[in-house]
Amino acid sequence: MTRTLSDNERLAWLRLARTETVGPVAFDHLLQRFGSPERALIALPDLARRAGRAAPLRPPPEDEILRELDDGDKLGARLICACEPDFPHRLASLDPPPPVLWALGRYELLPQSSVAVVGARIASAAGQRFARQLAAELGQHGLVVVSGLARGVDGAAHEGSLSTGTIAVLGGGIADIYPPEHAGLHARIAEAGCIVSESAPLRRAQAKDFPRRNRIISGLSLGVVVVEAELKSGSLITARLAAEQGRDVFAVPGSPLDPRAKGPNDLIRQGAILCEGVEDVLRSLSASPSMRERDRAWDPDEAADDLDHDALRERLAALLSPTPVSRDELVRAVKAPTSAVMAALVELALADRAHLLPGGMAASV
């Protein structure tokens, strides 16, 4: 369900998204449970207190959110909320999608068919040349190229696709230029392409922001091409996220003597599509089924359910331990609806008990 938000609804939506410990998972379940961001904001402090949080959980003050909106306006950027018609449909298909996205430049590129090209920051000259050429040829075939504006492969991919359409996804805000030597490239993408971020416009990137950045890179794309990457590279995280999201994963093979080839070569061993040129990408994409937006049940007039959330939360807390357990196992153990179980797990995260949550949920709450 999509709808255009009023100014007051947009303010509440962004305020909930910027609340401490509220990530995409928590945001989505709070919205489902309370029916609107306004109701969720009212309920949030008491929800965290009843869940056992020691320190009060307070949403950011309205003037802080108004400053963020003003910062975006001054930059000429646009805030797109996940429920709105202009939110990119491939991102909307994620479960859950990022609550908000700031876009600077040609935001009409966001819904277009796109492919991510990512790889090593310290890339070889050959790797950068391949990324630049592949990006240019993808653009010539009508595909927008997505990357992360990092050194090496990312920068080469943006350079190759500037004239046909490129999207740079940042870990910090849209005004946070990193690395500094990409200031000129950042400015050109802001004019000819699009720069996007989940973060507030002036936020400086922190290490925890890059997995979220990688999730958006893969989420915007039909497929991800890894050109060069060592085995512990962030590009392999992007590839893993792409596979989890049902996107195609492509890997460019390389010499076993080059450590930067170990990542792509390992991806190929795991079933990634070997990529030696644009034809490999086009052939696979032409055979892939199109994605649809997931069904979203958000309704501002929807009433909250009458389930005993407190009792369910405590039953779940008793089942959790440092040993990982899947959410499906917890659902079976408590014999409760999946949505109610997920809501209770979110409450545990809000209560600073996220270290007990299953399956990496704490990182994405």
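Refer to the structure printed above.
This write-up is about the structure you can find in this document. (Residues numbered from 1 in each chain as written. Predicted model: local features only at pLDDT ≥ 70, side-chain atom pairs only at ≥ 80, totals over all residues. Heavy atoms only, no water.)

## As for the packing of aromatic side chains
Next, step 1: For the structure on display, the rule yields one aromatic pair.
Next, step 2: One Lys or Arg, Arg78, reaches over the ring of Tyr107 and ends 4.5 Å from the middle of that ring. (Phe/Tyr/Trp six-rings, centres within 6.5 Å; stacked < 30°, edge-to-face > 60°. Lys NZ or Arg CZ within 6 Å of the ring centre and 35° of its normal.)

## Considerations on the pairing of strand E2 (residues 100-105)
Next, step 1: By the criterion of burial, E2 is predominantly enclosed, with five of the six residues buried.
Next, step 2: In terms of strand pairing, strand E1 (residues 78-81) meets E2 through four bridges, oriented antiparallel. When the sheet's bridge partners are listed, Arg78 is paired in E2 with Ala103.
Next, step 3: Across four bridges, E2 lies against strand E6 (residues 194-197) in antiparallel orientation. Counted as the bridge partner of Ala103 is Val196 from E6. (Buried < 20%, exposed > 50% of the residue type's maximum accessible area, 1.4 Å probe, protein only. Helix = DSSP H or I, 4+ residues; strand = E, 2+ residues; numbered from the N terminus. Pairing = 2+ DSSP bridges.)

## Quick word on the nonpolar core
Next, step 1: Among the nonpolar cores identified, the biggest contains 85 residues, and Trp13, Leu110, Ile167, Val196 and Leu220 are the most heavily contacted of them.
Next, step 2: A per-element tally of this core places helix H15 (residues 338-350) first, with eight residues. (Core = buried A, V, L, I, M, F, W, Y, C linked by side-chain atoms within 4.5 Å.)

## Overview of the sheet that holds E1
Next, step 1: Here we have nine strands laid out as an open sheet, ordered E1-E2-E6-E5-E4-E3-E7-E8-E9, and mixed in their pairing. Looking at the sheet topology across the chains shown, the edges are occupied by E1 and strand E9 (273-274).
Next, step 2: Looking at chain direction, strand E7 (residues 223-226) and strand E8 (residues 248-251) are connected through four bridges and run parallel. When the bridges of E8 are listed, Gly223 appears paired with Asp248.
Next, step 3: Along the sheet, helix H11 (residues 262-269) makes contact with E7, E8 and E9, crossing E8 at roughly 130°.
Next, step 4: Packing of helix H12 (residues 278-287) onto the sheet brings it into contact with strand E3 (114-118), E7, E8 and E9, and relative to E8 it is tilted by some 165°. (Contact = heavy atoms within 4.5 Å. Axes fitted to C-alpha atoms, helices over the stretch in contact; angles between N-to-C directions.)

## Observations concerning unusual backbone geometry
Next, step 1: A cis amide bond links Asp95 to the next residue, Pro96, at an omega of 0°.
Next, step 2: By the element assignment, Pro96 lies in the loop between helix H5 (89-92) and E2.
Next, step 3: Across the junction of Tyr178 and Pro179, the peptide omega takes the value 0°, indicating a cis bond.
Next, step 4: As for its position among the elements, Pro179 is in the loop between strand E5 (166-169) and helix H8 (183-192).
Next, step 5: For Leu149, which is not glycine, the phi torsion reads 60° and is therefore positive.
Next, step 6: With a relative accessible area of 0%, Leu149 lands in the buried category.
Next, step 7: A positive phi angle, close to 55°, is found at Lys335, a residue other than glycine.
Next, step 8: Looking at the element boundaries, Lys335 is found in the loop between helix H14 (327-334) and H15.
Next, step 9: Relative accessible area serves as the criterion here: at 74%, Lys335 is assigned to the exposed category.

## So, the pattern of salt bridges
Next, step 1: What the rule picks out here adds up to 19 salt bridges.
Next, step 2: Residues Arg212 and Glu198 are paired through a salt bridge, measuring 3.4 Å at the closest nitrogen-oxygen approach. Of this pair, Arg212 sits in helix H9 (residues 209-219) while Glu198 sits in the loop between E6 and H9; the two residues are 14 residues apart in sequence, bridging distant segments of the chain.
Next, step 3: When its relative accessible area of 9% is taken as the criterion, Glu198 is described as buried.
Next, step 4: Here Asp258 ties to Arg260 by a salt bridge, and the two come within 3.1 Å at their closest N and O atoms.
Next, step 5: Taking the relative accessible area as the measure of exposure, Arg260 reaches 22% and is therefore partly exposed.
Next, step 6: One network of salt bridges, with partners in common, ties together Glu198, Arg203, Asp209 and Arg212. (Salt bridge = Lys/Arg side-chain N within 4 Å of Asp/Glu carboxyl O.)

## Topic: the environment of Arg212
Next, step 1: A relative accessible area of 27% means that Arg212 is categorised as partly exposed.
Next, step 2: Residues Arg212 and Ser197 lie 15 residues apart in sequence; the distance between their C-alpha atoms is 9.4 Å.
Next, step 3: Filtering out sequence-adjacent residues up to four positions away, Arg212 remains in contact with Glu198 and Ser199.

## Here we look at the packing of helix H1 (residues 7-17) against helix H2 (residues 24-34)
In helix packing, the relevant descriptors are the interaxial angle and the interaxial distance, both defined with respect to the helix axes.
Next, step 1: Between H1 and H2, the least distance of the axes is 10 Å, while the angle of their chain directions is 135°. If you check the angle between H1 and H2, you find them oblique. Contacts between H1 and H2 involve Trp13, Leu16 and Ala17 on the former and, on the latter, Phe27, Leu30 and Leu31.
Next, step 2: A breakdown of the residues in the contact of H1 with H2 according to their chemical character gives six nonpolar, no polar and no charged. (Parallel < 35°, antiparallel > 145°, perpendicular 65-115°, else oblique. Nonpolar A, V, L, I, M, F, W, Y, C, P; charged D, E, K, R; others polar.)

## What to know about the environment of Ala150
Next, step 1: Locating Ala150 in the fold gives a position in the loop between strand E4 (144-147) and helix H7 (153-161).
Next, step 2: On the basis of relative accessible area, Ala150 is assigned to the buried category, the value being 7%.
Next, step 3: As for Ala150 and Ala168, which are separated by 18 residues in sequence, their C-alpha atoms are 9.3 Å apart.
Next, step 4: Apart from residues lying up to four places away in sequence, Ala150 is in contact with Arg121, Gly155, Pro179 and His182.

## Things to note about the packing of H14 against H15
Next, step 1: One way to put it is that H14 packs onto H15 with a least axis distance of 10 Å and a crossing angle of 110°. On the basis of the axis angle, H14 is roughly perpendicular to H15. You can see that H14 and H15 cross each other, and the crossing is right-handed. Of H15, the residues touching H14 (which contributes Arg327, Leu330, Val331 and Val334) are Thr338, Val341, Met342 and Leu345. (Left-handed = near helix turned anticlockwise from the far one by under 90°.)

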